[in-house]
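Observations on the three-dimensional arrangement
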Amino acid sequence: MSNQAISLDRPQAGPLLAALLTTALVGICAAAYWNGAGSIDAVRLIARLTIRMAVVFFSLVFAAASLRSLFPGKLTHWLFANRRNMTIAFVVAFALHLCAIARFYSLDNNLFWSVSPTFLIALRGVGVAFI
């Protein structure tokens, strides 16, 4: 049994990277939720945090091919080779964001509707359908 670090020379075999990123995302959300004792502020923090992480993952996956051609190197080749794993991390982050929004609605639907007008919800729904 050898003790090897994650290599930047080749794509990761199997879903190891996706599993690590998923575990990290779920762990961060669970820690924030329990630290905030399930309060509405904790749920809103999780919603903001997960959407920001989803944007980072989406941007990295979307730009992987361009980054590889503009800045050829080990890191950009590794990113290009691991687009599938990063896409799984994006999906997990986005799913956690949707769960946080649903929890926010269930905790205080009056506050939810006051900060989320119907027009914006419909517009965001179009974005979710597009993704």
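Going by the structure above, here's the rest.
Residues numbered from 1 in each chain as written. Predicted model: local features only at pLDDT ≥ 70, side-chain atom pairs only at ≥ 80, totals over all residues. Heavy atoms only, no water.

**Side note on the layout of surface pockets**
Over the atoms a probe the size of a water molecule is rolled, and this reveals where empty space is left. By volume, the largest pocket is sized at about 530 Å³. Here the element with the most residues in the lining of the largest pocket is helix α4 (residues 83–107); it accounts for 5 residues. Residues that form the lining of the largest pocket fall into these classes: 11 nonpolar, 3 polar and 3 charged. (1 Å grid on protein atoms, 1.4 Å probe; cavity = no way out; pocket = protein on both sides within 12 Å on 5 of 7 lines; lining within 4 Å. Points joined across faces, edges and corners; volume = space filled by probe spheres on them. Helix = DSSP H or I, 4+ residues; strand = E, 2+ residues; numbered from the N terminus. Nonpolar A, V, L, I, M, F, W, Y, C, P; charged D, E, K, R; others polar.)

**What about the packing of aromatic side chains?**
In the structure shown here, the tally under the stated rule is 7 aromatic pairs. Aromatic pair F58 and F62: ring centres 5.9 Å apart, planes at 15 degrees, arrangement stacked. Note that F58 and F62 are positioned in helix α2 (residues 40–70) at a spacing of 4 residues, about one turn of the helix. F58 gets classed as partly exposed once you look at its relative accessible area, which sits at 41%. Judged by its relative accessible area of 67%, F62 falls in the exposed class. Note on Y105 and W113: the rings are 6.3 Å apart at their centroids and 90 degrees apart in plane angle, and the pair reads as edge-to-face. By relative accessible area, which is 38% here, Y105 ends up partly exposed. The class of W113 is partly exposed, set by a relative accessible area of 41%. Feature note: the residues F58, F62, F90 and F94 constitute an aromatic cluster, connected by ring pairs. Between the NZ or CZ atom of R68 and the centre of the ring of F80, over which it lies, the distance is 3.7 Å. Sitting over the ring of F80, R83 keeps its end group 3.9 Å from the ring centre. (Phe/Tyr/Trp six-rings, centres within 6.5 Å; stacked < 30°, edge-to-face > 60°. Buried < 20%, exposed > 50% of the residue type's maximum accessible area, 1.4 Å probe, protein only. Lys NZ or Arg CZ within 6 Å of the ring centre and 35° of its normal.)

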